[in-house]
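# Topology and contacts: notes
Chain residues, written in single-letter form:
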Amino acid sequence: MKSGRWLLWGALLLLTAALLSVLVFLAAEYELSRDQAQLEEDVATVAGDIRSALLRNVQTLQSLHSVAPSPNAWNAPAAELLQTHREMMRLEWRDAALQPLSVRVSPFTPGVFDFLGREQAQPEVVQACEAARRASGPAYSASYFWPMRDGKGLELIEMCLPVAFGGKPQGMLVVTYALSGILTELINRDLMRGRGLSFNEADGTRLAIFSAIPANRRNLRAQTVLDLPGHTLILQLESPRRARGLFPNVLTAVVGLLSLALLVVLFLLGRDIRRRQRAEQDLANALAFRKAMEDSLVTGLRARDMSGRITYVNPAFCQMVGRRADELIGSGPPAPWWPPELADEYQQRQEVRLAGRYFPREGFESVFQRPDGTRFPVLIIEAPLIDAQGEQTGYMSAILDLTEQRRIEDLNRATFERLQATARLATVGEMASLISHELNQPLAAIASYASGMLNVLRDPGVGSLSPEDQRQAIERIAEQAERAGRVIKSVADFVRRRDTEREAVPPASLIDSIYPLVALQAKKQGVRLQIDIDPNCPPVLCDRTMIEQVLLNLTRNGIQAMPMGDPPAGSGLRVLGIRVARASPEPALSPGRAGPAWVSFAVTDHGQGLSPEVAQRLFTPYFTTKADGMGLGLSLCRTVVEQHGGALTHQPAEPRGTTFRFSLPVTPI
């Protein structure tokens, strides 16, 4: 009999081990198939990312030609494009006969075509451009190996794109890509951790590698075809197979069997005793926990039965009403903490509330009275008291003493009134500072013109002026006086945050209005003005006076950033550039709707530039690096531009200096 039992146990153990082995094998196969499916999905994702990035590059090249239709205008944006797209090694604009009109080389790979001339790649260029002409769209050549010095080389591919302007063909744009650059710049690198990615030939020869893993026959591989117009590439992704072990599963089974055996033994030996002890201990713990929690609360708790008699109060409630728990438990309405003159009102209100069983979640406010006669406001939150069987046995109330809250509210109210008075005084001070800051320029111009006229009147022989010149000088004084009045009105509206009247103003008109003052300051500092205004810029919608002040502030700061001798006069850098051009449209807010159009204003100086500490606090009110500055100019400029919907930014200029740039919205048609 005993041997038969042992045989049964042995058979059960063998069967369990066999089932466990099968489960481990099936789990490993499932994990392998899942990893392979995930790898194939990832390589398809990488191919899609590359395809999308190349398509975006085509769109960028088309937009490049639309904003730069001539070779001279094309060079600068093409160089900027190569700065931001490292996968592009060379960008060429060729005519219909595929003769180069303009060429730009990536600054990151300048010496690729030094060993062999560019003409060696002419067959691939011709192949791509012929395919592009047939398809009337972008086309790619077959990839080819380009040797370099020291035995190095790259696998390259050409992309040809027909371009046109005004409906007329303008030739071809030819882009030279490095396959390694495509893998490096156009993929999601998070997917490549611990994996290998490469472009392969059909026979498995690797053309370009982004990352590699040690060769192993257990590695998982997935391939996909990257179809490009005119050429097809094979993209391969490798991943090491995850190691799986049997020991954790066996250990789990052993622990489970031992736990089951232990539970059976314990169940047979002490089922009833342990169940009773556990219940008693749980009950004692629950009571101790509840009492500790209730004693630690600062919120008063009160329980009543269905007739309104108190069945429970916590220490916080007793302390709140100034009575002991034995005085309160068992008492009913009227409650001893009700004010005598309000007892009838409270009684009626309680009866109505309990009869309708309406307990607002936000509670209701009331007034309690202590035995010494002091009264205090409270907030009462009530809810039904439900027992274990789901029956309502009474009502539970939470009472909050609002005395401190009322005191804080009164204090906050008084503080807020003081802050409002202080804010009004601060606004008056801000307005005075802004008016003082912004009136400096028109008043300085008035003083300059008036001094010149007085000098002529005192000594006519020193510098005679014709009546026409005198009339122009007086008109300038009148214009600056009128500007001062507009500045006062605009600054007052700005401080009050009022909506000012905006009008359609041509950008050239804004520059013309400030040119006499800017030219005078520039001449004193030996700075040459370089003004570049795109004639196709449409009118902008703005407050003319405030935008003129913004331009005056920026140009004045730019001139002051180039003191005499820095940079030297012979360096050719004593130039203040003012450029006005149409900015790129913002992304559409919703599909099918175009974003708003903007005009960009840029002021560039060639001073020492901005240190990181100054750049961080540049727009902080009252922060200045000038001995006689007030620190309000740039803060005011940024606020004015933001009120127009734009943004004021700055960036380093080349080879030195700083460029301040802001945009204004185009007047709606």
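All values reported here derive from a predicted model rather than from experimental measurement.

## A few points about the overall build of the protein chain
The secondary structure content of the protein chain amounts to 14 helices and 22 strands. The proportion of buried residues among the 669 residues of the protein chain is 36%. Taking all contacts inside the protein chain whose residues are at least 6 apart in sequence as the whole, residues at least 24 apart take part in 60%.

## Re the sheet that holds strand β17 (residues 528-533)
Within the open sheet, the five strands sit side by side as β17-β19-β20-β22-β21. Their pairing is mixed. Taken across any chain shown, the strands that pair with only one partner, and hence form the sheet edges, are β17 and β21 (649-652). When the angles between neighbouring strand axes are averaged without regard to direction, this sheet yields 20 degrees. Looking at chain direction, β21 and strand β22 (residues 658-665) are connected through four bridges and run antiparallel. Note that in β22 the partner of Gln651 across the bridge is Thr659. Sheet strands touched by helix α12 (residues 544-560): β19 (575-583), β20 (598-605) and β22. Its angle to β22, the strand with the most contacts, is close to 170 degrees.

## Observations concerning the pattern of salt bridges
Per the stated rule, a full pass over the model turns up 19 salt bridges. Put simply, Arg206 and Glu238 hold a salt bridge, and the shortest N to O gap is 2.6 Å. Placement of the pair is Arg206 in strand β8 (residues 206-211) and Glu238 in strand β10 (residues 231-239), with a sequence separation of 32 residues. Classification of Arg206 by relative accessible area gives partly exposed; the value is 39%. The shortest N-O distance in the salt bridge between Arg370 and Asp401 comes to 3.9 Å.

## Comments concerning the pairing of strand β9 (residues 220-228)
Direction of pairing for β9 relative to β10: antiparallel, over a ladder of nine bridges. Directly across from Gln223, in β10, lies its bridge partner Gln236. Between β9 and β10, which pair antiparallel one after the other, the connecting turn spans two residues, and Gly230 there sits at a positive phi close to 100 degrees.

## Quick look at helix α3 (residues 122-135)
With 14 residues, α3 should cover 20 Å at 1.5 Å per step; its first-to-last C-alpha distance of 20 Å lies within 8% of that length. For α3, the elements touching its buried residues are β1 (88-94), β3 (139-140), β4 (144-147), β5 (153-165) and β6 (168-178). Directly after α3, the chain includes Ser136, whose backbone phi takes a positive value near 55 degrees.

## Some words on the packing of helix α11 (residues 507-525) against α12
Across the interface, α11 lies against α12 with an axial gap of 10 Å and an inter-helix angle of 25 degrees. In this view, α11 runs roughly parallel relative to α12, as classed from their interaxial angle. The chirality of how α11 crosses α12 is right-handed. Contact residues: Ser509, Leu510, Ile511, Ser513, Ile514, Leu517, Val518, Gln521, Ala522 and Gln525 in α11; Arg544, Ile547, Glu548, Leu551, Leu552, Thr555, Arg556 and Ile559 in α12. Looking at side-chain class alone, the contact of α11 with α12 contains ten nonpolar, five polar and three charged residues.

## Considerations on helix α14 (residues 633-643)
The complete set of buried residues in α14 reads Gly633, Leu634, Ser635, Leu636, Cys637, Val640 and Val641. Directly beyond the C-terminal end of α14, a positive phi value near 95 degrees is found at Gly645.

## Focus: unusual backbone geometry
Residue Asp566 is joined to Pro567 through a cis peptide bond whose omega torsion reads 5 degrees. The step from Glu654 to Pro655 runs through a cis peptide bond, and the omega angle for that step is 0 degrees. Tracing the backbone through its elements, the reader meets Pro655 in the loop between β21 and β22. You will see that Leu98, though not glycine, has its phi angle at about 65 degrees, which is positive. Mapped onto the elements, Leu98 comes out in the loop between β1 and β2 (100-105). The class for Leu98 is buried, based on a relative accessible area of 6%.

What counts, and where the lines are drawn
- Going along each chain's sequence as written, the residues are numbered from 1 onward.
- Only residues with pLDDT of at least 70 get local features here, since the model is predicted, and only at 80 or more are side-chain atom pairs given and counted; chain-wide, interface and lining totals rely on the full set of residues.
- Only hydrogens and water are set aside; all other atoms, that is, all heavy atoms of the structure, feed into the side-chain values.
- Helix and strand assignments come from DSSP, with helices taken as H or I runs of at least 4 residues and strands as E runs of at least 2, each series counted from the N terminus.
- To sort residues, take the accessible area from a 1.4 Å probe on protein chains only and compare it with the maximum for the residue type: under 20% means buried, over 50% means exposed, and anything in between is partly exposed.
- Only heavy atoms matter for contacts: two residues are in contact if any of them lie within 4.5 Å across the pair.
- Should DSSP find at least two bridges between two strands, the strands are taken to pair.
- To get an axis, fit a line to the C-alpha atoms, keeping to the stretch in contact for a helix; angles then go from 0 to 180 degrees between the N-to-C directions.
- In the sections that follow, a salt bridge refers to a side-chain nitrogen of Lys or Arg positioned within 4 Å of a carboxyl oxygen of Asp or Glu.
- Helix span, as expected, comes to 1.5 Å for every residue beyond the first.
- The scheme is simple: roughly parallel for angles under 35 degrees, roughly antiparallel for over 145, roughly perpendicular for 65 to 115, oblique for anything else.
- Two helices crossing with the near one rotated counterclockwise from the far one by less than a right angle form a left-handed crossing, whereas a clockwise rotation gives a right-handed crossing.
- Lys, Arg, Asp and Glu make up the charged group, whereas Ala, Val, Leu, Ile, Met, Phe, Trp, Tyr, Cys and Pro make up the nonpolar group; the residues left over, Gly among them, are polar.

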